[in-house]
Amino acid sequence: MKSSDRDCAATGPDPVAGAADCEAASDLLRALASPTRVAIVLLLRTRPQCVHEMVGSLSLSQPLVSQHLRVLKDAGVVRGNRNGREIMYELVDEHLAHIVTDALVHAMEEPLDSGTADDRAVSS
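Here the structure is a predicted model, which is why all the values come from computation and not from measurement.

## Some points on the overall build of the protein
Of regular secondary structure, the protein possesses 7 helices and 3 strands. Of the regular secondary structure in the protein, the N- to C-terminal order runs α-α-α-β-α-α-β-β-α-α. Only carbon and sulfur atoms are counted for the fraction: they give 55% of the accessible area of the protein, which is about 8600 Å².

## Here we look at helix H2 (residues 19-31)
Residues spaced three or four apart along an α-helix point in a common direction, a consequence of the helix completing one turn every 3.6 residues. The first and last C-alpha atoms of H2 sit 18 Å apart over 13 residues, in line with the 18 Å expected at 1.5 Å per residue. All of the buried residues along H2 are Cys22, Leu28 and Ala31.

## Focus: unusual backbone geometry
We note that Ser59 has phi near 55 degrees; this positive angle belongs to a residue other than glycine. Here Ser59 is to be found in the loop between helix H4 (51-58) and helix H5 (62-74).

## Regarding the side chain of Thr101
Mapped onto the secondary structure, Thr101 falls in helix H6 (residues 94-108). Looking at Thr101, the relative accessible area reads 17%, which means it is buried. Of the polar contacts made by the side chain of Thr101, one reaches the backbone oxygen of His98; its length is 3.3 Å.

## Thoughts on the pattern of salt bridges
One side chain can pair with another of opposite charge once the charged atoms of both are near each other. Under the criterion given, the structure shown has 3 salt bridges. When the shortest N-O distance is used, the salt bridge between Arg47 and Glu53 registers 3.1 Å. For Glu53, a relative accessible area of 23% gives the class partly exposed. Here Arg79 makes a salt bridge to Glu90, at a shortest N to O gap of 2.8 Å. Taken as a pair, Arg79 in strand E2 (residues 78-83) and Glu90 in strand E3 (residues 86-91) lie far apart in primary sequence, 11 residues in all. Owing to a relative accessible area of 22%, Glu90 belongs among the partly exposed residues under this scheme.

## What to know about the environment of Arg47
Structurally, Arg47 is set in the loop between helix H3 (35-44) and strand E1 (49-50). A relative accessible area of 41% places Arg47 in the partly exposed class. Along the backbone, Arg47 and Leu91 are 44 residues apart, and their C-alpha atoms lie at a distance of 8.7 Å. In terms of polar contacts, Arg47 uses its side chain to reach the side chain of Glu53, at 3.1 Å.

Analysis parameters
- Residues numbered from 1 in each chain as written.
- Predicted model: local features only at pLDDT ≥ 70, side-chain atom pairs only at ≥ 80, totals over all residues.
- Heavy atoms only, no water.
- Helix = DSSP H or I, 4+ residues; strand = E, 2+ residues; numbered from the N terminus.
- Areas by Shrake-Rupley, 256 points an atom, 1.4 Å probe, with all protein chains shown as cover.
- Expected span 1.5 Å × (residues − 1).
- Buried < 20%, exposed > 50% of the residue type's maximum accessible area, 1.4 Å probe, protein only.
- Polar contact = N/O pair within 3.5 Å; in protein donor to acceptor, adjacent residues only side chain to side chain.
- Salt bridge = Lys/Arg side-chain N within 4 Å of Asp/Glu carboxyl O.

Take a look at the structure:
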């Protein structure tokens, strides 16, 4: 068994994720591991947009937004649909918006005390 198989195997009654599933999840998280790409996903959760709309909303250059869109497209996060001369980008599915919004909510939560509940009970 490879170490990546051991790392991804769940124990107990939960379904076991195979190495390929863990690799796909890792690729998705890697694609989302940029503040700009998170911002793009947040923009696209409301409606499809073309690059120049995102450039205006993000206050970034068009080439930079296009590079980030390429990463998201390669990872299967967004897809582009040609509309005349423009390409309208949209999220592939709503799960992706949930991943990003859940991560954002978690990041904005108040940090808990560093000790565990057991540690706090012992010190009381």
